[in-house]
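Here are the chains, one letter per residue:
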Amino acid sequence: MFYFMIKTVVLVPLLRWLFRPRVEGLAHIPPTGAGIIAGNHLSFCDSFLMPVMLRRRVTFLCKQEYFTGRGLKGRLTAAFFRGIGQIPVDRSGREAGQAAVDEGLRVLGRGELLGIYPEGTRSHDGRLYKGKVGVAAMAIRSGAPVIPCAMIGTFEAQPVGRRLPRLVPITIRFGEPLDFSKYAGMADQREVLRAATDEIMYAILKLSEQEYVDRYAAEAKAEGRPQQHLVAGRAA
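On a predicted model such as this, the values are computed, not experimentally measured, just so you know.

Peer 1: Could you give an account of the pattern of salt bridges, with specific residues and numbers?
Peer 2: With the rule as written, the count across this model stands at 9 salt bridges. Here E219 makes a salt bridge to R215, at a shortest N to O gap of 3.9 Å. Taking the relative accessible area as the measure of exposure, E219 reaches 39% and is therefore partly exposed. Between R215 and E223 there is a salt bridge whose closest N-O contact spans 2.9 Å. Residue R215 is classed as partly exposed on the basis of its relative accessible area of 23%. Its relative accessible area of 34% is what places E223 among the partly exposed residues. Through salt bridges with shared partners, a single ionic network connects R22, E24 and R173.

Laid out in structure tokens, this is it:
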């Protein structure tokens, strides 16, 4: 109830008025049943702008830090994310990846839409990075289709480190659902997970037209130096 109240009364009119986002491919969102919306991640506002454009509820796996902040701001942030049904995930430690997969499978098992960013973190430079295989594991184990999604313009609106967003044109683009039923029963095979994940990332790449980096975003961000990258799937 709180989710739909916040969404319809606050977020939908506010974000549509501020950003006037253009939405393409809404017909690709299944009207019922489980589905995974896998998108690029350029900005903090991605997790708000995309869901308000859909009639169905989207549950995201959020980093645990959003739920553990201190002070008034931290408590309000935690209450907001809990109220809209988002799930905290501990991204540290060896068991973090499996915990995220388990939480995602619970959402899909209820026949809901799960939102996930395969890159694992926001892009620090606007490029698309290598996807982690958790999204493929959830798709294969659940049998849910994966709907690729591209957020375009949100990096310019609110890149990492910027508190208040700029008012720039935003496009949200959904692609045709991807079916991974051919991999049923093979979710424990690393090569299968990598192949399925790469297929998802290529679908996102075609929608977003970003430059692609064949490295994990967290690694590139930590190194803090330019990496060789690909442009639309070709060497730059």
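Peer 1: For the pairing of strand β3 (residues 58–63), give the residues involved together with the corresponding values.
Peer 2: Where burial is concerned, most of β3 is hidden: 5 out of the 6 residues are buried. Looking at chain direction, β3 and strand β5 (residues 113–116) are connected through 3 bridges and run parallel. Counted as the bridge partner of F60 is G115 from β5. One ladder, built from 3 bridges, connects β3 with strand β4 (residues 87–89); its direction is parallel. Opposite C62, over in β4, you have P88 as the bridge partner.

What counts, and at which threshold
Residues numbered from 1 in each chain as written. Predicted model: local features only at pLDDT ≥ 70, side-chain atom pairs only at ≥ 80, totals over all residues. Heavy atoms only, no water. Salt bridge = Lys/Arg side-chain N within 4 Å of Asp/Glu carboxyl O. Buried < 20%, exposed > 50% of the residue type's maximum accessible area, 1.4 Å probe, protein only. Helix = DSSP H or I, 4+ residues; strand = E, 2+ residues; numbered from the N terminus. Pairing = 2+ DSSP bridges.

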